[in-house]
Protein chains: 2
Amino acid sequence: MTTIIKLDEILSISKEIDAISAMEEGFIKYSNGQTVVPPVAELLFENPPGDVHIKYGYIKKDDFYCIKIASGFYDNTKLGIASSQGMMLLFSQKTGQPTAILLDDGYLTDIRTAAAGALAAKYFAPKNISAIGIIGTGGQAKLQLEYLQKNTPCKTVWVWGRSAEKAQKYKDDLGTNFEVHIAKNPAEVAKNCNLIVTTTPSEKALLFAKDIKPGTHITAVGSDTLDKQELDSEILKKADLVISDSIPQSKSRGEIFQATKAKAIVDEKVVELGTAIQDSSLQRTTENQISVVDLTGVAVQDIMITQSVYKAYIQNKN
Amino acid sequence: MTTIIKLDEILSISKEIDAISAMEEGFIKYSNGQTVVPPVAELLFENPPGDVHIKYGYIKKDDFYCIKIASGFYDNTKLGIASSQGMMLLFSQKTGQPTAILLDDGYLTDIRTAAAGALAAKYFAPKNISAIGIIGTGGQAKLQLEYLQKNTPCKTVWVWGRSAEKAQKYKDDLGTNFEVHIAKNPAEVAKNCNLIVTTTPSEKALLFAKDIKPGTHITAVGSDTLDKQELDSEILKKADLVISDSIPQSKSRGEIFQATKAKAIVDEKVVELGTAIQDSSLQRTTENQISVVDLTGVAVQDIMITQSVYKAYIQNKN
């Protein structure tokens, strides 16, 4: 029997599970070569414009293999429908039988991305966080702050977004638990914060090296394509630690790709996340260092979050 | 709301729908360039051995896009589980929203293959069928005969299989509606039949040119890889008509691939199924001609069968 897990159940279970530990385990297995993740399959549409990405893979000697279907149909917003759609599928790695279908509408991708951000902060952010800076005001901007609270319960937040109205809404939505300041520009976020998360689809740098204070950690979440960029490449040059979630992916997308292309850094400067979290000598050694973690999104995250939700669902039923 | 259609419902609906007409429409659209079908995605397993193929695509200006997940885990039989597993997914081509999940365990692939065989016979077999020859005794050997009956209701059957026991079971399962002869070898099938369907995973030719009588039609269903072959290449040389379900696929798999590699035929001899069924001058013009249709399996068949079952399911509900 294939288990069907609906969105409302996924929303509820996602609050129970330890997604950050799941990401930690996944990134370690990925960097240790224990995963099989073939190239992403793609299907494109012209009218209306849309793209579908099929990501699939497994952790060796595990119970399941996973297929994620994620689409973006950008005219959907005109119809009042979310542009992101999709589902996660789990199959037995022993027999190929379908185990579970998670009708998550893309939500678990948001969760695993936020949990990876929290994992990055856990290992690379300075011990004392004066204020958290958030660049961007969308759904991921909210989730990143929510997941950071699990290890980094700082309540002072500086937010910047292109739309003043959306920045105000971000502040309002957070309510009275947080002290939220709306920054006039990204530089003002950098001036006031030593833990910054960038979450926009910008194709031009928003933060610059001169703005970044010693002792700052930055997690770059937004850039996951050839064209997107939130950090000026000089930031990666200035940084003491530059971490990639996937070194192979950083050769073709994200901040590290941009900085390497601009010859601001060389390949040897970059350490993979799953390697760095296993070796404290590859982590922050003084509070004054600048660290950058570039997250482009790795299929092992999808495998881990889907398994975690499925296992919690089954445990709840029993 | 995503519609979930279970195997028992699929089995029942598959008997109601006109799968042969669905294949006809699909092959015409495919040959006319109205489909988008990217390369197949593949995931391999070592222990136990298994392979997963993800086929996906759409017909332009249609309502849906389709993803088929099909796996073969060949140790499953030791566990009493079918080696083929899988499901079919339908999504809106306008918004990406999931429309339906068909938990077919690979069954619809069998149906669409049998329906394509019946379509081939409809257009290329001689008018008067003296006897139907079936090479192979498995599930597809049964389905091919069942679907042939819709246009070619000949009740005299010659069957050959490597296992005498399985050939006897094939005969017994068909019951008294058919006059079934068990052939001593494939040549005896060819001697007695003018419509032959080959359904085995053989990697060596089973039928040879000297055995094939004038006025015979052969549909080759078994060979769908680089290595499989059921027809000696001289048969394709001798044939008046050589039809491929997909000319691009015939460059790397199936009987036409083997015959071209052996220099028995040239590319120019081959006509695509969807082209040939639109133009009677590309079909049999005399009863004495020999015709071969090579079916390697095309994603448009998956798209068509999945849509047909879904539409019938919805119509039944209303």
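Anything mentioned here points back to the structure above.
Computed from a predicted model, the values in this text were never measured in an experiment.

A. Structural view of the packing of aromatic side chains. One pass over the full model with this rule turns up 10 aromatic pairs over all chains. For the ring pair A:Phe45 and B:Tyr65, a centre distance of 5.4 Å and an interplane angle of 50° mean the geometry is tilted. Of this pair, A:Phe45 sits in strand E3 (residues 41-46) while B:Tyr65 sits in strand E5 (residues 64-73), on two different chains. For the pair A:Phe45 and B:Tyr65, one class covers both residues: buried. For the pair A:Phe64 and A:Tyr310, a centre-to-centre distance of 5.6 Å together with 85° between the ring planes defines the contact as edge-to-face.

B. Molecular detail of the pairing of strand E5 (residues 64-73) of chain A. Residue and element names in this part refer to chain A. Burial within E5 is extensive, with 9 of its 10 residues counted as buried. Where strand E4 (residues 49-59) meets E5, 9 bridges bridge the pair, whose relative direction is antiparallel. Across the sheet, the residue bridging to tyrosine 58 is tyrosine 65, located in E5. As paired elements, E5 and strand E6 (residues 84-92) share 9 bridges and run antiparallel to each other. Each bridged residue has a counterpart across the sheet, and for alanine 70 the counterpart in E6 is glycine 86.

C. View of the relation of the copies chain B and chain A. If you rotate chain B by 180° and push it 0.0 Å along the axis, it lands on chain A with an RMSD of 0.0 Å. Put plainly, the chains are arranged around a two-fold axis. Considering only C-alpha atoms, the part of chain B nearest the rotation axis is B:Ala41, at 3.2 Å. Looking at chain B, 100% of its interface residues are interface residues in chain A too, so the copies touch through the same face.

The rules behind the values
- Residues numbered from 1 in each chain as written.
- Chains lettered and ligands numbered in written order.
- Predicted model: local features only at pLDDT ≥ 70, side-chain atom pairs only at ≥ 80, totals over all residues.
- Heavy atoms only, no water.
- Phe/Tyr/Trp six-rings, centres within 6.5 Å; stacked < 30°, edge-to-face > 60°.
- Helix = DSSP H or I, 4+ residues; strand = E, 2+ residues; numbered from the N terminus.
- Buried < 20%, exposed > 50% of the residue type's maximum accessible area, 1.4 Å probe, protein only.
- Pairing = 2+ DSSP bridges.
- Least-squares fit on C-alpha atoms with pLDDT ≥ 70 in both.
- Contact = heavy atoms within 4.5 Å.

Function-wise, these values are silent; they only describe arrangement.
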